[in-house]
Amino acid sequence: MSAIVLAQAAAESGLTDKGIAALTYGLGAIGPGIGIGYLVGQSVQAMARQPESAGMVRTTMFLGIAFVEALALIGFVVFFLAQ
Amino acid sequence: MFATEFPPLSHIVNWPGFAGTEGEWYEFNKIVLVYVFAILMIGAFFFFGSRKKALVPKGTQNLAEMAVDFIEEGIVMDTMGEPGKKYSPFLLSLFLFVWFTNIFGIIPVIQMPASARIALPMFLALLAYFVYHISGMIEHGPLKYFKHALVPPGVPAALLLLVVPIEFISKFLVQPFSHTVRLFANMLAGHILLVTFGVLTAALIGTGVLATFVGVLPLIALIFFTLFEVLVAFLQAYVFTLLTGVYINAAISHDH
C-alpha cells in the first residue's frame with residue numbers, strides 16, 4: 001500500500017523509479033551499517049581483552065558479518081530489480 | 001555534467017560468445033573461460049604442489065600445504081570439529097574455485113568476476129545445499145533428520161505450530177537464497193564500483209587540462225578499489241566456505 005502511495009507521490013514530484021530504488025537502498029543500508037559497526041567494534045574489544053582467543057573471535061566475527069551483510073546485499077539486488 | 005553515460009548493467013556483465021552457438025548451453029564466452037582457467041589453476045596448483053612430497057616443503061608444495069591447513073584449521077575445526085574432517089576436500093575445492101573465479105575480477109584483460117553472474121553462486125549454493133541436507137539425512141536417517149532440522153530441542157509444544165514453519169522457511173528456502181545472494185551481490189557490487197571509476201577516469205583524463213587534473217582523483221580511487229577487491233575476493237570465498245561448513249555442522253551435529 002505504502003509503495004503505491006510512494007509511487008504516486010513520486011509521479012507527482014518527478015522522482016523516478018530509479019531515484020526511489022536508490023533512496024530505498026540507502027535506507028536499507030543504514031541498519032546493516034550500524035550492525036556491522038557494532039559487531040566489529042565489540043569483536044575488536046574482545047580481541048584486545050583476550051588476544052589468545054583472537055582466532056575464534058575472528059571466525060565468529062566474519063560469520064556474524066556475513067549474516068548482517070546479507071540484508072544490505074538483498075537491498076542492493078532489489079535496487080536492480082526495481083529499476 | 002560529464003559527456004559520458006554510465007553503461008547499462010547488461011553491457012558490463014553480458015559477454016558475447018566467441019565459440020559455439022549463441023544462446024545454446026555450449027556457448028563459450030568470457031565467463032566460461034574464467035571457469036576453465038579456475039579449474040586449470042586448481043589442477044596445476046595441486047599437481048605441482050604434490051609432485052615431490054618433500055618432508056620440508058618449499059615453493060608450490062608449501063603453498064598447497066598452507067591452503068589445506070587453512071581450510072582444516074581455520075574452517076573445518078572451527079565450525080565442525082573432528083567429525084567434519086571428511087568434508088575438508090569438498091570445502092577446499094569450493095574455497096579455491098570461488099576464490100579463483102572471484103580474483104578474475106581484477107586480472108587485467110579479463111576483469112570480470114565469474115561469480116558476478118548469478119549462475120555460478122546459485123549452482124555452488126545448490127551444491128552445498130544438497131551436500132549438507134543429504135549428509136544430514138545419512139547421519140540421522142531421512143525422517144529423523146527433518147525432526148532434527150525443524151524441531152529445536154526444548155521448545156514447548158504450543159509454540160511448535162509457529163516455530164516449525166519458521167524453521168522450514170529459514171532452513172530450506174531462505175538459507176540457499178541468502179548463500180547465493182551474498183556472494184553474487186558482493187562481486188557484482190565490486191565489479192560495478194570498478195566500472196564506475198574506470199568510466200569516470202576515461203571520461204576525464206585527456207579531455208582538457210582541468211579535466212585531466214580532476215581525473216586523477218577517480219584514478220587514485222580506481223587503484224585503491226582494485227586493491228580492495230583483492231581483499232573482497234578472498235573474504236567472500238572464505239565466508240562462502242565458512243557458511244557451508246556451518247550449515248554442514250548444523251545438519252550433522254547431534255543435540256545434547
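Here is what the cut-offs are and how they apply
- Residues numbered from 1 in each chain as written.
- Chains lettered and ligands numbered in written order.
- Predicted model: local features only at pLDDT ≥ 70, side-chain atom pairs only at ≥ 80, totals over all residues.
- Heavy atoms only, no water.
- Contact = heavy atoms within 4.5 Å.
- Buried area = accessible area lost by both parts, 1.4 Å probe.
- Salt bridge = Lys/Arg side-chain N within 4 Å of Asp/Glu carboxyl O.
- Polar contact = N/O pair within 3.5 Å; in protein donor to acceptor, adjacent residues only side chain to side chain.
- Helix = DSSP H or I, 4+ residues; strand = E, 2+ residues; numbered from the N terminus.
- Buried < 20%, exposed > 50% of the residue type's maximum accessible area, 1.4 Å probe, protein only.
- Core = buried A, V, L, I, M, F, W, Y, C linked by side-chain atoms within 4.5 Å.
- Phe/Tyr/Trp six-rings, centres within 6.5 Å; stacked < 30°, edge-to-face > 60°.
- Patch = residues over 30% accessible without salt bridge, like charges linked within 9 Å, V, L, I, M, F, W, Y side chains within 5 Å.
- Areas by Shrake-Rupley, 256 points an atom, 1.4 Å probe, with all protein chains shown as cover.
- Lys, Arg positive; Asp, Glu negative; His and termini not counted.
- Charge placed at Lys NZ, Arg CZ, Asp CG, Glu CD.
- pLDDT = per-residue confidence, 0-100.
- Axes fitted to C-alpha atoms, helices over the stretch in contact; angles between N-to-C directions.
- Left-handed = near helix turned anticlockwise from the far one by under 90°.
- Expected span 1.5 Å × (residues − 1).
- Arc of directions from axis to C-beta.

**Points about the interface of chain A and chain B**
Facing 13 residues of chain A, the contacting portion of chain B comprises 20 residues. Broken down residue by residue, the surface that chain A buries against chain B is led by A:Thr59, A:Phe62 and A:Leu73, which jointly contribute 34%. Linking chain A with chain B are 0 salt bridges. At the surface where chain A touches chain B, the tally comes to 3 residue pairs in polar contact (both at pLDDT 80 or more).

**Brief notes about the environment of A:Gly37**
Residues and elements named next belong to chain A. Looking at the element boundaries, Gly37 is found in helix α3 (residues 30-49). Looking at Gly37, the relative accessible area reads 45%, which means it is partly exposed. For Gly37 and Ile65, which are 28 residues apart along the polypeptide, the C-alpha to C-alpha distance reads 9.5 Å.

**Considering the environment of B:Glu229**
With respect to the helices and strands, B:Glu229 occurs in helix α8 (residues 209-252). In this structure, B:Glu229 is in contact with B:Ile106, B:Met187, B:Gly190 and B:Leu194, ignoring residues within four places of it in sequence.

**Quick word on the pattern of salt bridges**
Residue and element names in this part refer to chain B. In total, this model carries 2 salt bridges over all chains according to the counting rule given. Glu82 is paired through a salt bridge with Lys85; the nearest N and O atoms lie 3.5 Å apart. Judged by relative accessible area, which is 29%, Lys85 ranks as partly exposed. Salt-bridge contacts for Lys171 lead to Glu167; the nearest nitrogen and oxygen are separated by 3.4 Å. Of this pair, Lys171 and Glu167 are both found in helix α7 (residues 157-204), 4 residues apart, which corresponds to roughly one turn of the helix.

**Points about the nonpolar core**
Residues and elements named next belong to chain B. Within the largest apolar cluster, 68 residues are counted, with the highest numbers of intra-cluster contacts made by Ile71, Leu96, Leu124, Tyr132, Leu188 and Phe240. For this core, the leading source of residues is α8, giving 11 residues. Excluding anything up to four places from it in sequence, Ile71 contacts Val76, Ser88, Leu91, Leu92 and Phe95.

**Remarks on the packing of aromatic side chains**
In the structure shown here, the tally under the stated rule is 25 aromatic pairs over all chains. Plain terms: the ring middles of B:Tyr35 and B:Phe97 are 6.4 Å apart, the flat faces sit at 45° to each other, and that makes the pair tilted. Separated by 62 residues along the polypeptide, B:Tyr35 in helix α2 (residues 30-49) and B:Phe97 in helix α4 (residues 88-103) bring together distant segments of the chain. For the pair B:Phe168 and B:Phe172, a centre-to-centre distance of 5.3 Å together with 20° between the ring planes defines the contact as stacked. With B:Phe168 and B:Phe172 both in helix α7, this residue pair falls 4 residues apart, about one helical turn. By relative accessible area, B:Phe168 is classed as partly exposed at 36%. A relative accessible area of 9% means that B:Phe172 is categorised as buried. These aromatic residues form a ring-pair network of at least three members: A:Phe62, B:Phe70, B:Phe95, B:Trp99, B:Phe100, B:Phe234 and B:Tyr238.

**Notes on a negative patch on the surface**
Together, B:Glu65, B:Asp69, B:Glu73 and B:Asp78 line one region of the surface with negative charge. Looking at B:Glu73, the relative accessible area reads 45%, which means it is partly exposed.

**What to know about the confidence of the model for chain B**
Residue and element names in this part refer to chain B. When pLDDT is averaged across chain B, the result is 89; 98% of the residues are at 70 or more. Taken element by element, chain B is modelled with least confidence in helix α1 (residues 9-13), mean pLDDT 80, and with most confidence in α4, mean pLDDT 95. Both confidence scores are given for the complex: pTM 0.87, ipTM 0.71.

**Some points on a nonpolar patch on the surface**
The grouping of B:Ile118, B:Met122, B:Leu126, B:Phe130, B:Ile134 and B:Ile138 at the surface amounts to a nonpolar patch, some 570 Å² of accessible area in total. Looking at the secondary structure, you find B:Ile118 in the loop between α4 and α5 (119-140).

**Brief notes about the packing of α5(B) against α7(B)**
When two helices pack together, their arrangement is given by the angle between the helix axes and the distance between those axes. Residue and element names in this part refer to chain B. The N-to-C vectors of α5 and α7 enclose an angle of 145°; their axes lie 9 Å apart at closest approach. By crossing handedness, the relation of α5 to α7 is classed as right-handed. Residues Pro121, Met122, Ala125, Ala128, Tyr129, Tyr132 and His133 of α5 form the contact with α7, whose own contacting residues are Lys171, Phe172, Gln175, Pro176, His179, Thr180, Leu183 and Phe184.

**Quick notes on α2(B)**
All names here are of chain B. With 20 residues, α2 should reach 28 Å at 1.5 Å per residue; the first-to-last C-alpha distance of 28 Å fits that figure. Considered for burial, the residues of α2 that qualify are Lys30, Ile31, Val34, Ala38, Ile42, Phe45 and Gly49. Down the axis, α2 shows its buried residues gathered within 120° of arc, on one side only. Exposed residues on α2 whose side chains face more than 90 degrees from its buried face are Ile39, Leu40 and Phe47. Residues of α2 that are buried sit in contact with α1, α3 (60-79) and α4.

**Details of the side chain of B:Thr180**
Residue and element names in this part refer to chain B. Positionally, Thr180 belongs in helix α7. On the accessibility criterion, Thr180 (6% relative accessible area) is buried. If near-sequence neighbours (up to four positions away) are discounted, Thr180 is found in contact with Ile118, Pro121, Met122 and Ala125.

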